[in-house]
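# Structural features, examined
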Amino acid sequence: MALDSTALTGGTGPEVARALSEDAAAGRADDSGRRGARTPRRPFGVWFRQTGWRHLIGIVMLVFCAFPLLYVLSAALNPGGTLLTANGLFRTFSLESFTRLFENPTQPFAAWFVNSMVIGLATAIGTVFLGALAAYSFSRMRFTGRRIGLLSLLLVQMFPQLLAFVAIFLLMSTIADIFPAIGLNTQVGLIMVYLGGALGVNTYLMYGFFNTVPMSIDEAAKIDGAGHARIFFTIILRLVAPILAVVGLLSFIATLNDFVIASVVLVDTDKQTLAVGLYRLVSEETAANWSLFAAGAVLSAILPMALFLALQRYIVGGLTAGSVK
Amino acid sequence: MTLPPVETDLPTERRDPATDKRHRRAERYAEAASAGWKVWLVKTAALAIIDAAAVYATMVLAASDQWVIAGIVALVTVAVNVVYLTPGLLPAKYLTPGLIFLLVFQIFVIGYTVYIAFTNYGSGHNSSKDDAVNALLLQSQSRLEDSATYPITVVEQNGVFSLLVTDPETGDAEVGNSEAPLEPVDAEFSGGKAIAAEGYNTLQFAQVIANQKEIGAIAVPVSDDPNDGYLRTTDGSSAYLFTSSLQWDPDADTMTDSRTGVVYRDIGTGAFTADDGTELLPGWVVTVGVDNFVRAFTEESIRGPFIAVAIWTFVFAFLSVATTFVLGLFLAIVFNDPRMKSRKYYRVIMILPYAFPAFLSALVWAGLFNQDFGFINQVLLGGASIPWLQDPLLAKIAILIVNLWLGFPYMFLVTTGALQSIPDDVTEAGRVDGASVWQIFRYIKFPLLLVSVAPLLISSFAFNFNNFNLIYMLTGGGPRFADASINAGATDILISMVYKVAFVGQLRDFGLASAFSIIIFVLVGVISYISFRQTKALEELN
């Protein structure tokens, strides 16, 4: 995936995956813990010393975590609101900002949204496919250069594509002179750039998971007369679906969050992505456009947040299965 | 598909090379026979499309004289065909698609970055010398006084506009456009003026009006020598001879301003330069060696901000990891008590900042921190006017606060997992030996935790080292350094400075930006190398 998955705050792909898997482990321990907690009532003092103060910290953290999100929501529901009026939390309720968002042709939110989704989905699918192909060969085949190949993937990952954006810009503008359809200012071009990072971290993540699928399954299929392509597409890909979902989701979110490469490659306003478009929207007239921006932010965040929270269990389940071996 | 296990494997030591070879051949045949016709069809169709596209691309590239790229495209296509048409080469079949993208858009662009770092690429220097000469001659054109009027007709061929010119002296028809000098052509005349030429469409009046701007930009060289001047039109029906005030002498490699008499020479810096140092822009791209690196480290107005930015980058990355880790670990310990109820709900809320798209978070926080209208000043601080994002120190603090919000959920998840993977008997043994809760944590749990979390802390450091979105969306790198000649500010980190040097503002310096990129590459590489060795040592200790 482009930019590897680091656009997620705080870590690269495997770490995120690991964090998620550990979260699942935490979840399991949670249940057993709660069963143990069904003890007779404790006096308030004891309760507070043991767990009560933890709830206090929890509530402080709840406010810290949720406040900015509630603030955005409130600002989005405040029609024609500026930064100043957004401070009166939930004092008004109207969906006007959401409708206005789709009316101004100089801020084509709908186009940005569609662009982001198309680019994000295409990149995610491409990344999953390319990564899975590579991981399959590294996991199932023994060939000269295999070890070096794996090592150099790790090495290449140390040099993020993000740092080469000047060269990407110049390369894409050269391509645009010769093949305008895939050069600068095209979505196909941007997707291709992102796919440059499809191997690397993703291959590693998938490679580890592929290794947990027993070889005997492949062998049984081979005896039944299945070729390698059939084994890959009909058996292996289904068995490793959880890791495909993880990589796809991480790649989608990373693509959605990318500002640098998207802003460099896409020039026209109506070709840009949410990150570039919404940034321009607030950086130009911060105070006046605030409720518009907030409405845009709410709409853009719904899908990735829902995906993240909904797929979490599924992803985590798959990953823990993989990491336990 | 369930089969009883078949005893097919012969003991390995009894296999001789010949059997082995036959075995492999048999496997290959089986492979070929088992591939369904559908797969074969898809494969052939895909290859056919790729080959067709490649042939087209090579032809176009060859037509525009890009021989090197044409060669590369041809080579890659041949390689792809070999890989997919030869039996065997199985790993290559699976690796090729990803590798092609990797080679072009990651490895090649890194190499290209290195190349650009050694050039003067940027605004004013972005093409070849020939282009620069033409651009200079074009932009310094003025209409020759008392020059003849050339009757013209605007014609079009394959979407390119040309001028059909009737020579006022000879009455012959000639055609030409910005790319091609005037050439005689067979034309149809009406009243002594050529109005149509073979192979060209004559533009109607309405079409001329509709394409006014494009037609006004056409400058037709009257001959191969650009010094002879250009024909330009303003109304679409007559043209005038324009000549340049600059005279281009290809043999002496000089530009001479015919009005002032100043001679500009090519002194190897990528622009025609007069003796007093004035440059004619646009110039062209030349290799300048390590100039950009030298500039970064010696030129005071670049070195000052560069060093300040580099130091802040390290401080920022370190503090980001430290603050998020401490808070995450603290919360993990707090919420890791099995007696505590509804921990699950707290956990979900605490993941929210992590699930919210990062670029949006930074923008939202920029609104919250706004000096005049933001929630923090207006509501929490009762109308104070604290310049959160305008004061260098406060802006840095604001960035760390926002990054804490963004980053602690990740650390919380990671440390929770690591804590729970530490077996209980370790704690118990400590307790039996009479250690306090703090001692158990400090001397047993924490070192164990650090072993499993250290690599994640390093990659978190590397990530924050290049955390572009947070910086650029929250403060834009500002407040800007007053005495800097490059676009950089107090909260800029290296990557956001590179972006601003290359893409923000009027002056774009791709060469310098790439040089900075290389410096970051090196820094990140060295840090990762050292720290990974350190953590390995840590692991061996335990």
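These numbers come from a predicted model, not from an experiment.

### Re the overall build of chain B
- Secondary structure summary: chain B contains 18 helices and 16 strands in total.
- Seen along its three principal axes, the alpha-carbon backbone of chain B occupies a region of about 115 × 80 × 45 Å.
- The long-range share in chain B, meaning contacts at least 24 apart out of those at least 6 apart in sequence, stands at 58%.
- Counting only carbon and sulfur atoms, one obtains 61% of the accessible surface of chain B, whose full area is about 27500 Å².
- Positive and negative side-chain charges of chain B, numbering 33 and 51 respectively, have mean locations separated by a distance of 20 Å.

### Brief notes about the pattern of salt bridges
Residue and element names in this part refer to chain A.
- Scanning all chains against the criterion turns up six salt bridges over all chains.
- Note that Asp218 is salt-bridged to Arg140, the shortest N-O span being 2.7 Å. A residue pair is termed long-range when its members are at least 10 positions apart, and Asp218 in helix 9 (residues 215-223) and Arg140 in helix 4 (residues 109-140) qualify at 78 residues.
- On the accessibility criterion, Asp218 (6% relative accessible area) is buried.
- Relative accessible area serves as the criterion here: at 12%, Arg140 is assigned to the buried category.

### Here's the deal with the interface of chain B and chain A
- Listed as interface residues are 107 residues of chain B and, on the opposing side, 110 residues of chain A.
- Around 9900 Å² of area is buried between chain B and chain A when both sides are counted, 76% of it from carbon and sulfur atoms.
- The tally of links from chain B across to chain A stands at zero salt bridges.
- Summed over the shared surface of chain B and chain A, the result is twelve residue pairs in polar contact (both at pLDDT 80 or more).
- For the side of chain B that touches chain A, the residue count by class is 75 nonpolar, 23 polar and nine charged.

### Quick notes on the confidence of the model for chain A
All names here are of chain A.
- Mean pLDDT over chain A: 80, with 82% of residues reaching 70 or higher.
- Across residues 1-37, confidence stays below pLDDT 50; counting only partners more than four residues off in sequence or on other chains, it has 104 contacts.
- Low pLDDT (under 50) marks residues 317-325, which in the prediction has twelve contacts with non-local residues, meaning those over four places away or in another chain.

### Looking at the nonpolar core
- Within the largest apolar cluster, 168 residues are counted, with the highest numbers of intra-cluster contacts made by Phe165(A), Phe293(A) and Phe516(B).
- Apart from residues no more than four positions distant in its own chain, Phe165(A) is found in contact with Val260(A), Val264(A), Ile495(B), Val498(B), Tyr499(B), Ala502(B) and Phe503(B).
- Among the nonpolar cores identified, the runner-up in size contains 35 residues, and Leu153(A), Leu205(A), Tyr207(A) and Leu244(A) belong to it.

### Quick word on unusual backbone geometry
All names here are of chain A.
- A positive phi is found at Asn185, a non-glycine position, where the angle reads about 70°.
- For Asn185, the location among the structural elements is in the loop between helix 6 (165-178) and helix 7 (187-195).
- Overall, Asn185 belongs to the buried group, its relative accessible area being 14%.

### Description of the domain arrangement of chain B
- The domain architecture assigned to chain B consists of domain 1 (20-117), domain 2 (146-280) and domain 3 (298-541).
- Taking only C-alpha atoms into account, the centre of domain 1 of chain B sits 46 Å from that of domain 2 of chain B.

### A closer look at the side chain of Asn81(B)
Residues and elements named next belong to chain B.
- Mapped onto the elements, Asn81 comes out in helix 3 (residues 67-85).
- There is a polar contact of 2.9 Å between the side chain of Asn81 and the backbone oxygen of Thr77.
- In this structure, Asn81 is in contact with Leu47, Asp51 and Thr86, ignoring residues within four places of it in sequence.

### Considering the sheet that holds strand 15 (residues 272-273) of chain B
Residues and elements named next belong to chain B.
- Pairing within the open sheet is antiparallel, and its five strands lie in the order 12-13-14-15-16. Strand pairing shows two members of the sheet lacking a second neighbour, strand 12 (246-249) and strand 16 (279-280), which therefore form its edges.
- Bridge analysis of strand 15 against strand 16 gives two bridges, and the strand direction is antiparallel. The partner of Thr273 across the bridge, within strand 16, is Glu279.

### A few points about the UniProt feature "domain: ABC transmembrane type-1" (unreviewed entry) in chain B
- On the UniProt side, "domain: ABC transmembrane type-1" (unreviewed entry) is annotated at positions that read residues 310-531 of chain B here.
- Counting secondary structure, residues 310-531 of chain B comes out at 73% helix and 0% strand; the distance between its end C-alpha atoms is 19 Å.

### Re the pairing of strand 7 (residues 193-197) of chain B
- Relative to strand 7 of chain B, strand 6 (residues 187-190) of chain B runs antiparallel, the two sharing four bridges. Bridged to Ser190(B) within strand 7 of chain B is Lys193(B).

### A short note on a nonpolar patch on the surface
Residues and elements named next belong to chain B.
- On the surface, a nonpolar cluster with roughly 690 Å² of combined accessible area is contributed by Val68, Ile69, Ile72, Val76, Leu99, Ile100, Leu103, Val104 and Ile107.
- Listed by contribution, the elements that provide at least two residues to the nonpolar patch are helix 3 and helix 4 (90-117).
- It is helix 4 that provides the largest number of residues to the nonpolar patch, a total of five residues.
- Tracing the backbone through its elements, the reader meets Ile107 in helix 4.
- Judged by relative accessible area, which is 36%, Ile107 ranks as partly exposed.

### Describing the UniProt feature "transmembrane region" (unreviewed entry) in chain A
Residue and element names in this part refer to chain A.
- The UniProt entry lists residues 56-77, 109-136, 148-171, 191-210, 231-254 and 290-311 under the feature "transmembrane region" (unreviewed entry), expressed in the numbering used here.
- For the annotated span residues 56-77, helix accounts for 95% and strand for 0% of the residues, and the straight-line distance between the end C-alpha atoms is 30 Å.
- Between the end C-alpha atoms of residues 109-136 the distance is 40 Å, and the span holds 100% helix and 0% strand.

### Describing the packing of helix 2 (residues 44-76) of chain A against helix 9 (residues 300-334) of chain B
- Packing of helix 2 of chain A against helix 9 of chain B leaves a shortest axis separation of 10 Å and a crossing angle of 140°. Considering their axes alone, helix 2 of chain A and helix 9 of chain B lie oblique with respect to each other. You can see that helix 2 of chain A and helix 9 of chain B cross each other, and the crossing is left-handed. Between helix 2 of chain A, through Trp53(A), Arg54(A), Ile57(A) and Met61(A), and helix 9 of chain B, the contact on the second element is made entirely by Leu327(B), Phe330(B), Leu331(B), Ile333(B) and Val334(B).
- The residue makeup of the contact of helix 2 of chain A with helix 9 of chain B, split by class, is eight nonpolar, no polar and one charged.

### Examining a negative patch on the surface
Residues and elements named next belong to chain B.
- A cluster of acidic side chains, namely Glu183, Asp224, Asp225 and Asp228, defines a negative patch on the protein surface.
- Considering the arrangement of structural elements, one finds Asp224 in the loop between strand 9 (220-221) and strand 10 (230-233).
- Residue Asp224 is classed as exposed on the basis of its relative accessible area, which comes to 71%.

### Details of the packing of aromatic side chains
- Counted under the stated rule, the structure contains 47 aromatic pairs over all chains.
- Arranged with centres 5.3 Å apart and planes meeting at 50°, the rings of Phe369(B) and Trp388(B) form a pair that is tilted. In this pair, Phe369(B) is assigned in the loop between helix 11 (358-368) and helix 12 (375-380) and Trp388(B) in the loop between helix 12 and helix 13 (392-421), connecting sequence segments 19 residues apart.
- With relative accessibility at 2%, the residue Phe369(B) sits in the buried group.
- One aromatic cluster is present, formed by Phe165(A), Phe169(A), Phe259(A), Tyr279(A), Tyr121(B), Phe468(B), Tyr472(B), Tyr499(B), Phe503(B) and Phe510(B) through successive ring pairs.
- The side chain of Arg232(B) reaches across the aromatic face of Phe242(B), ending 5.9 Å from its centre.
- It is Arg442(B) that lies over the ring of Tyr443(B); its NZ or CZ is 5.3 Å from the centre.

### Topic: the packing of helix 4 of chain A against helix 4 of chain B
- Interhelical geometry of helix 4 of chain A versus helix 4 of chain B gives an angle of 140° and a closest axis separation of 8 Å. Accordingly, the angle class assigned to the pair helix 4 of chain A and helix 4 of chain B is oblique. Here helix 4 of chain A and helix 4 of chain B pass one another in a crossing that is left-handed. In this structure, helix 4 of chain A uses Leu130(A), Leu133(A), Ala134(A), Tyr136(A), Ser137(A) and Phe138(A) to contact helix 4 of chain B, whose residues at the interface are Pro91(B), Tyr94(B), Leu95(B), Pro97(B), Gly98(B) and Phe101(B).
- For the contact of helix 4 of chain A with helix 4 of chain B, the class distribution of residues is ten nonpolar, two polar and no charged.

Analysis parameters
- Residues numbered from 1 in each chain as written.
- Chains lettered and ligands numbered in written order.
- Predicted model: local features only at pLDDT ≥ 70, side-chain atom pairs only at ≥ 80, totals over all residues.
- Heavy atoms only, no water.
- Helix = DSSP H or I, 4+ residues; strand = E, 2+ residues; numbered from the N terminus.
- Contact = heavy atoms within 4.5 Å.
- Areas by Shrake-Rupley, 256 points an atom, 1.4 Å probe, with all protein chains shown as cover.
- Lys, Arg positive; Asp, Glu negative; His and termini not counted.
- Charge placed at Lys NZ, Arg CZ, Asp CG, Glu CD.
- Salt bridge = Lys/Arg side-chain N within 4 Å of Asp/Glu carboxyl O.
- Buried < 20%, exposed > 50% of the residue type's maximum accessible area, 1.4 Å probe, protein only.
- Buried area = accessible area lost by both parts, 1.4 Å probe.
- Polar contact = N/O pair within 3.5 Å; in protein donor to acceptor, adjacent residues only side chain to side chain.
- Nonpolar A, V, L, I, M, F, W, Y, C, P; charged D, E, K, R; others polar.
- pLDDT = per-residue confidence, 0-100.
- Core = buried A, V, L, I, M, F, W, Y, C linked by side-chain atoms within 4.5 Å.
- Domains from an automatic or database assignment.
- Pairing = 2+ DSSP bridges.
- UniProt positions renumbered as here; feature names shortened; annotations may be inferred.
- Patch = residues over 30% accessible without salt bridge, like charges linked within 9 Å, V, L, I, M, F, W, Y side chains within 5 Å.
- Axes fitted to C-alpha atoms, helices over the stretch in contact; angles between N-to-C directions.
- Parallel < 35°, antiparallel > 145°, perpendicular 65-115°, else oblique.
- Left-handed = near helix turned anticlockwise from the far one by under 90°.
- Phe/Tyr/Trp six-rings, centres within 6.5 Å; stacked < 30°, edge-to-face > 60°.
- Lys NZ or Arg CZ within 6 Å of the ring centre and 35° of its normal.

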